[in-house]
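Each chain, written out:
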Amino acid sequence: MTSPVWHPFFQHGLNEPIPLVRRAEGALLHLADGGTLIDCISSWWVTTHGHCHPRIAAAIAGQAGRLDQLIFAGYTHEPAEEVARGLIELAPRAADRDPLAHAFFSDSGSTAVEVALKMALGYWHNRALDGLSDPRHRILVLQHSYHGDTIGAMSVGERGVYNAAWSPLLFDVDTVPFPHEGKEQATLDALEAACAQRPAAFIVEPLILGAGGMLIYPPSVLRDMAAICARHDVLFIADEVMTGWGRTGALFACDQAGVVPDIMAVAKGITGGAIPLAATLATPRIFDAHRSTDRARLFYHSSSYTANAIACAAAAANLAIWREEDVLGRIATLGQAMADRLEELGAHPAFAKARRLGAIAAIDLITPDAGYLSDVAPRLRAFAHENGLLLRPLGNTIYLMPPYCLDADQLDHVFAVLQKAGEKFGRPA
């Protein structure tokens with residue numbers, strides 16, 4: 001029987017098999033056919049502590065019996081208040097910067113980015129109404145970025161195969177070149193020139209670009225970019241949807257650079273990966289620009305499930321895990337283990353550009369057919385599946401972003417399969 005489900009980022013016309021997963025625990029997915037997969041990508045970068053974590057699962061079950069859903073426009077509930085306070089306490093801080101002090105809830109990373117953009121443009125709109133600034137409308141973006149699949153998020157992402165069909169809907173942005181090694185100053189100079197034109201905001205994925213190819217740049221560049229924006233009074237937006245919750249080795253990537261953004265989007269691991277939730281954090285000046293006795297100047301954004309109580313209960317349990325357990329210690333151990341094995345794999349002639357940041361590792365398979373639509377990607381994905389791994393290469397770029405509970409034996413198996421894949425599909429020059 002043909003399934004009626006339309007899957008995301010999946011070409012149904014190729015008639016590739018769609019495995020049925022029955023259950024999950026830790027880093028493992030158990031299939032209906034009796035097979036088992038190691039989840040090497042945290043099921044699209046969301047699962048942090050492991051699948052079906054007992055503390056998070058218990059919090060979801062307990063909340064479901066008390067309060068499941070509540071309109072959040074003018075009402076509140078304890079899980080949302082607890083999560084908002086916890087996010088603010090854990091958010092990046094610096095002595096010379098106003099703290100992130102307000103949390104606006106939504107339900108996905110794309111939406112959190114949409115909210116961030118609307119906050120930034122609303123800030124300048126309201127300041128112009130008060131005669132405190134000229135209107136500002138332009139958004140600066142970093143080359144090769146990806147921020148999601150809604151219209152605003154696509155607009156501030158790299159243009160190409162991801163969004164070509166909807167280009168008439170996308171608004172124009174100004175692009176700053178990615179700070180490739182040895183070309184960091186060119187990026188900073190371009191940002192300085194762009195900021196001199198008084199744009200509204202600059203949005204970045206801090207330290208590593210995800211869907212853009214797992215491209216890494218140093219904390220010093222992130223720090224310098226934030227400083228340039230501050231000098232020109234350009235709002236600095238950090239998209240920590242993927243980079244947050246320990247992926248880069250710190251709770252948030254901005255922590256590594258000592259950067260406090262004006263607006264920060266978080267999602268994915270906010271509930272440990274158990275259930276959808278997102279938040280956009282803002283400094284007091286962003287909030288205060290929307291605060292008024294005029295009801296027409298409220299922040300016009302919501303969804304029916306804003307701050308869903310069950311999702312917030314999961315997030316509260318996740319925050320408790322971060323407060324009470326040495327999660328960063330686990331990440332450091334996993335990251336070093338990945339680094340050791342990645343160094344050996346990087347010496348294989350089928351691979352190039354081995355790179356790692358925290359618990360994220362990436363390497364490029366040498367093939368004449370490179371790029372996102374490389375024919376090697378589906379073959380790598382199928383080969384990984386046959387050998388007990390869930391992988392989703394970005395073209396010829398193979399990356400690992402596993403749950404932090406992945407053990408040494410599982411990691412050994414992952415890298416053994418990757419080496420076999422290189423021998424089978426790589427085409428060394």
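What you are looking at is a predicted structure, and each value in this text was computed from that prediction instead of being measured.

**Student:** I'd like a description of the layout of surface pockets, backed by residues and values.
**Tutor:** Counted as a void, the largest pocket has a volume near 1400 Å³. What lines the largest pocket is a set of 49 residues, among which F9, W44, Y146, Y372 and R392 lie closest to the centre. Of all the secondary structure elements, the ones that give two or more residues to the lining of the largest pocket are α1 (42–45), α4 (109–129) and α12 (376–386).

**Student:** Describe the UniProt feature "modified residue: N6-(pyridoxal phosphate)lysine" (unreviewed entry) in the protein chain, with residues and values.
**Tutor:** With numbering matched to this structure, UniProt assigns "modified residue: N6-(pyridoxal phosphate)lysine" (unreviewed entry) to K268. Following the sequence through the fold, K268 ends up in the loop between β11 (263–266) and β12 (278–282). Once residues within four sequence positions are removed from consideration, K268 is found in contact with W44, W45, V46, V241, M242, G273 and L277. Engagement of the side chain of K268 in a polar contact is seen with the backbone oxygen of W44, the distance being 3.2 Å.

**Student:** Describe the packing of aromatic side chains, listing the residues and the values that go with them.
**Tutor:** Scanning the entire structure with this criterion turns up 13 aromatic pairs. A ring pair is formed by F202 and F236, whose centres lie 6.1 Å apart and whose planes are at 65°; its orientation type is edge-to-face. Placement of the pair is F202 in strand β7 (residues 201–204) and F236 in strand β10 (residues 235–239), with a sequence separation of 34 residues. A single burial state applies to F202 and to F236, both of which are buried. Here the aromatic residues F9, W44, Y146, Y162 and Y372 are joined through ring pairs into a cluster of three or more. Here the guanidinium or amino end of R136 rests over the ring plane of W124, the centre of that ring lying 3.9 Å away.

**Student:** Help me get a handle on the nonpolar core, residues and values and all.
**Tutor:** With 101 residues, the main nonpolar core has F105, F202 and M225 as its most contacted residues. With 9 residues, the single largest contributor to this core is helix α10 (residues 309–324). When residues no more than four places from it in sequence are discounted, the contact partners of F105 are F72, A80, V83, A84, L87, L277, A278, A279, T306, A307 and C312. One finds V113, I139, V173 and I263 within the second-largest nonpolar core, a separate group that totals 28 residues.

Cut-offs and rules
- In this convention, every chain numbers its residues from 1, walking through the sequence in written order.
- Two thresholds apply to this predicted model, a pLDDT of at least 70 for residue-level local features and 80 or more for giving and counting side-chain atom pairs, whereas whole-chain, interface and lining totals are computed over all residues.
- For side-chain calculations, the full set of non-hydrogen atoms in the structure is used, while hydrogens and water are omitted.
- Cavity: a set of points on a 1 Å grid over the protein atoms alone where a 1.4 Å probe fits but cannot get out. Pocket: an open set with protein on both sides within 12 Å along at least five of seven lines, its lining residues, like those of a cavity, having an atom within 4 Å of a point.
- Grid points are joined across faces, edges and corners, and a volume is the space filled by probe spheres set on the points.
- Only runs of H or I of at least four residues qualify as helices and only runs of E of at least two qualify as strands under DSSP, and these elements are numbered from the N terminus.
- UniProt positions are given in the numbering used here, feature names are shortened, and annotations may be inferred rather than shown by experiment.
- Any two residues whose heavy atoms approach within 4.5 Å at even a single point are treated as in contact.
- Polar contact is defined as a pair of N or O atoms within 3.5 Å, subject to the rule that within protein one atom must be able to donate a hydrogen and the other to accept it, and that residues adjacent in sequence are counted only when both atoms are side-chain atoms.
- Here a pair means two rings of Phe, Tyr or Trp (six-membered ring of Trp) with centres within 6.5 Å. Their orientation is stacked below 30 degrees between planes, edge-to-face above 60, and tilted elsewhere.
- Relative accessibility thresholds used throughout: buried, under 20% of the residue-type maximum; exposed, over 50%; partly exposed, between the two (1.4 Å probe, protein chains only).
- By definition here, charges over rings are those cases where NZ of Lys or CZ of Arg is within 6 Å of the ring centre and within 35 degrees of the ring normal.
- Joining through side-chain atoms within 4.5 Å is the link that ties buried Ala, Val, Leu, Ile, Met, Phe, Trp, Tyr and Cys residues into a set, and such a set is a nonpolar core.

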